[in-house]
Amino acid sequence: MKAWLFSVFVMTPFAALQTGLAAFFGYSIYSVVSREEIGGGIFLAILSLALLLGVNKLVRLIRFGGGTWFGYNILDLIVSPLQLPLMLIVNLIAFIAIFTGWDIDARDEPYLDDYGFFGCVALYLFHIVPDYKTKKSKAFSGGYTGGSDRSYKWKTVAYQFAVLLLTVVHSPLLLILLMNVVENHNDGSDGGVWIGVLALIGAIIVYFVTVQWSAHFKGVKTHFDYWDPNDVKRHTYNKWEVRQALGLDRDPTEQEALQAIADGIYKPVKTKQVNTAGWKTAFTLPMIIYLICGMVIVFNQFFVFLLSIIISAKATVRPCIAKDARLRSFGAKLRYFLFGTAEL
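The shown structure was predicted, so the numbers you read here are calculated from the model rather than taken from an experiment.

1. Observations regarding the overall build of the protein
Then, in step 1: In terms of helices and strands, the protein carries 15 helices and six strands.
Then, in step 2: Burial statistics for the protein: of 344 residues in total, 38% are counted as buried.
Then, in step 3: For the protein, restricting intrachain contacts to residue pairs at least 6 apart in sequence, the fraction spanning at least 24 positions comes to 70%.

2. Re the confidence of the model for the protein
Parts of the model with low pLDDT should not have their predicted coordinates read in detail.
Then, in step 1: Of all residues in the protein, 83% have pLDDT values of 70 or greater, and the mean over the chain is 80.
Then, in step 2: Predicted confidence in the protein is weakest over helix H7 (residues 138-141), with a mean pLDDT of 33, and strongest over helix H1 (residues 2-33), with 91.
Then, in step 3: Predicted confidence is poor over residues 132-147, with pLDDT under 50, and the contacts of this stretch with residues over four places away or in other chains come to 18 contacts.

3. A look at the environment of leucine 86
Then, in step 1: Here leucine 86 is to be found in helix H4 (residues 83-100).
Then, in step 2: Through-space distance from the C-alpha of leucine 86 to that of alanine 15 is 8.4 Å; in sequence the pair is 71 residues apart.
Then, in step 3: Here leucine 86 is in contact with Val79, Leu125 and Phe126, once residues within four sequence places are set aside.

4. So, the nonpolar core
Then, in step 1: Trp154, Val157 and Phe305 are the most contacted members of the largest nonpolar core, which totals 18 residues.
Then, in step 2: If you list the elements that add at least two residues to this core, you get helix H3 (72-79), helix H5 (112-115), helix H6 (117-126), helix H8 (147-169) and helix H14 (297-310).
Then, in step 3: When residues in this core are grouped by element, the largest group, four residues, is from H8.
Then, in step 4: Residues contacting valine 157, with those up to four places away along its chain left out, are Trp69, Phe305, Ser308 and Ile309.

5. Quick notes on the packing of aromatic side chains
Then, in step 1: For the coordinates displayed, the defined rule picks out eight aromatic pairs.
Then, in step 2: On the numbers, 5.4 Å between centres and 50° between planes, the contact of phenylalanine 161 with phenylalanine 305 is tilted. Of this pair, phenylalanine 161 sits in helix H8 while phenylalanine 305 sits in helix H14; the two residues are 144 residues apart in sequence, bridging distant segments of the chain. Assigned by exposure class, phenylalanine 161 and phenylalanine 305 land together as buried.
Then, in step 3: By way of ring pairs, the aromatic residues Phe64, Tyr72 and Tyr124 are connected into one cluster.
Then, in step 4: Geometry around tryptophan 154 places lysine 153 over its ring, the cationic atom sitting 5.1 Å from the centre.
Then, in step 5: Over the ring of phenylalanine 337 we find lysine 218, and its NZ or CZ is 4.8 Å from the ring centre.

6. What to know about the side chain of serine 308
Then, in step 1: Topologically, serine 308 is positioned in helix H14.
Then, in step 2: Note on serine 308: relative accessible area 1%, which makes it buried.
Then, in step 3: Reaching out from serine 308, the side chain makes a polar contact with the backbone oxygen of phenylalanine 305 at a distance of 2.5 Å.
Then, in step 4: Ignoring sequence-local partners within four residues, the contact set of serine 308 consists of Lys153, Val157, Gln160 and Pro319.

7. With respect to the packing of H1 against H4
Then, in step 1: Where H1 contacts H4, the two axes come as close as 8 Å, and the packing angle between them is 175°. Taken together, the axis directions place H1 and H4 in an arrangement best described as roughly antiparallel. Residues Ala3, Trp4, Ser7, Val8, Met11, Thr12, Ala15, Ala16, Gln18 and Thr19 of H1 touch H4, and the partners they reach there are Gln83, Leu84, Pro85, Met87, Val90, Asn91, Ala94, Phe95 and Ile98.
Then, in step 2: Here the contact of H1 with H4 is composed, by residue class, of 13 nonpolar, six polar and no charged.

8. Description of a nonpolar patch on the surface
Then, in step 1: Taken together, the side chains of Met1, Leu5, Phe9, Leu92, Phe95, Ile96, Ile98, Phe99 and Trp102 make up a nonpolar region of the molecular surface, amounting to roughly 940 Å² of accessible area.
Then, in step 2: Elements with a minimum of two residues in the nonpolar patch: H1 and H4.
Then, in step 3: Top contributing element to the nonpolar patch by residue count: H4, with five residues.
Then, in step 4: Structurally, isoleucine 96 is set in helix H4.

9. A word on H6
Residue pairs three or four apart in sequence face the same way in an α-helix, which turns once every 3.6 residues.
Then, in step 1: When H6 is considered as a whole, its buried residues turn out to be Gly119, Cys120, Leu123 and Tyr124. On an axial view of H6, the arc spanned by its buried residues comes to 125°, and they lie on one face.
Then, in step 2: Positive backbone phi, approximately 65°, marks histidine 127, located one or two places after H6.

10. A short note on the environment of phenylalanine 6
Then, in step 1: Within the element layout of this structure, phenylalanine 6 appears in helix H1.
Then, in step 2: Taking relative accessible area as the criterion, phenylalanine 6 reaches 14% and is therefore assigned buried.
Then, in step 3: Considered as a pair, phenylalanine 6 and aspartate 105 are 99 residues apart in the sequence and their alpha carbons are 9.4 Å apart.
Then, in step 4: Beyond its immediate chain neighbours, meaning those up to four positions away, phenylalanine 6 contacts Met11, Ile62, Ala106 and Arg107.

11. So, helix H12 (residues 254-262)
Then, in step 1: Restricting attention to buried positions, one finds in H12 the residues Ala257, Ala260 and Ile261. For H12, the arc enclosing every buried residue in end-on projection is 100°, short of the 170-degree limit, so these residues lie on one face. In this structure, H12 carries Gln255 and Ala262 as exposed residues pointing more than 90 degrees from its buried face.
Then, in step 2: Positive backbone phi, approximately 80°, marks glycine 264, located one or two places after H12.

Thresholds, definitions, all that
Residues numbered from 1 in each chain as written. Predicted model: local features only at pLDDT ≥ 70, side-chain atom pairs only at ≥ 80, totals over all residues. Heavy atoms only, no water. Helix = DSSP H or I, 4+ residues; strand = E, 2+ residues; numbered from the N terminus. Buried < 20%, exposed > 50% of the residue type's maximum accessible area, 1.4 Å probe, protein only. Contact = heavy atoms within 4.5 Å. pLDDT = per-residue confidence, 0-100. Core = buried A, V, L, I, M, F, W, Y, C linked by side-chain atoms within 4.5 Å. Phe/Tyr/Trp six-rings, centres within 6.5 Å; stacked < 30°, edge-to-face > 60°. Lys NZ or Arg CZ within 6 Å of the ring centre and 35° of its normal. Polar contact = N/O pair within 3.5 Å; in protein donor to acceptor, adjacent residues only side chain to side chain. Axes fitted to C-alpha atoms, helices over the stretch in contact; angles between N-to-C directions. Parallel < 35°, antiparallel > 145°, perpendicular 65-115°, else oblique. Nonpolar A, V, L, I, M, F, W, Y, C, P; charged D, E, K, R; others polar. Patch = residues over 30% accessible without salt bridge, like charges linked within 9 Å, V, L, I, M, F, W, Y side chains within 5 Å. Areas by Shrake-Rupley, 256 points an atom, 1.4 Å probe, with all protein chains shown as cover. Salt bridge = Lys/Arg side-chain N within 4 Å of Asp/Glu carboxyl O. Arc of directions from axis to C-beta.

As structure tokens, then:
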């Protein structure tokens, strides 16, 4: 009964507010894209987004208390438009639970390694606590995942989501926005032609820059790095191999890596001659292929993002950040690109 009352009189009003703010935010974005109201639309979009983030945070505090995982900011935004219909379903489930004895608890925070992926989905969206038999205990799982592993997992989820945003920018969405600008200014005048040309140049620049960034974060070799002019001969080394050679449980610092090379403990893959400072990049064959196929990478990255959520933090081959991935072979590189998984 308490779960039903809490759902109806506490969570449902907030769910209605979340859905309303999400709908208002979507309408504001539409008014900007369709050029109906640009200035006012941008202001209302920012205002509604700020209010939505605030309400989402308040709901999380009510449900789980303080110190929650930061990734909820992303999940709550994605789910916000559906919060009201979801909450109506939760109300029905909570009412049935009064007579069936189902365990309904909105305040039980979902943990992937405790409940599994689908158990967490049921708990987060519908407040259904999975049957205790499906919940892993220390006796059967060999101990809960350490805090560092769990923390790293959700950092990886945030990392892959950031890469997903980059791939969205250089997805067909960029082409659609370009066509929209050209269509709205195609009045045959010189001014309209110049706006179309500038929009095309801007789109190419945005595509070129974001493709390089997302390729770098997906493990594609781009030599995208900053070279120091004081370091005339800079060594290119594998952090994982140096880490093993020195017996470290963390990534080596630049000083430690260079010292290991100087002492002969580790032999670098190659060296580079550096004459000027600045960001350096190189168009390797994988980078050229990535540049050509950049518009469809968003579909692969969405799959990678989902895998980063689903795969356990205790897996041997698991989602990780590109700089931490152990990519010694072509197969390992391809696997990381397609699935975002590698050995650490």
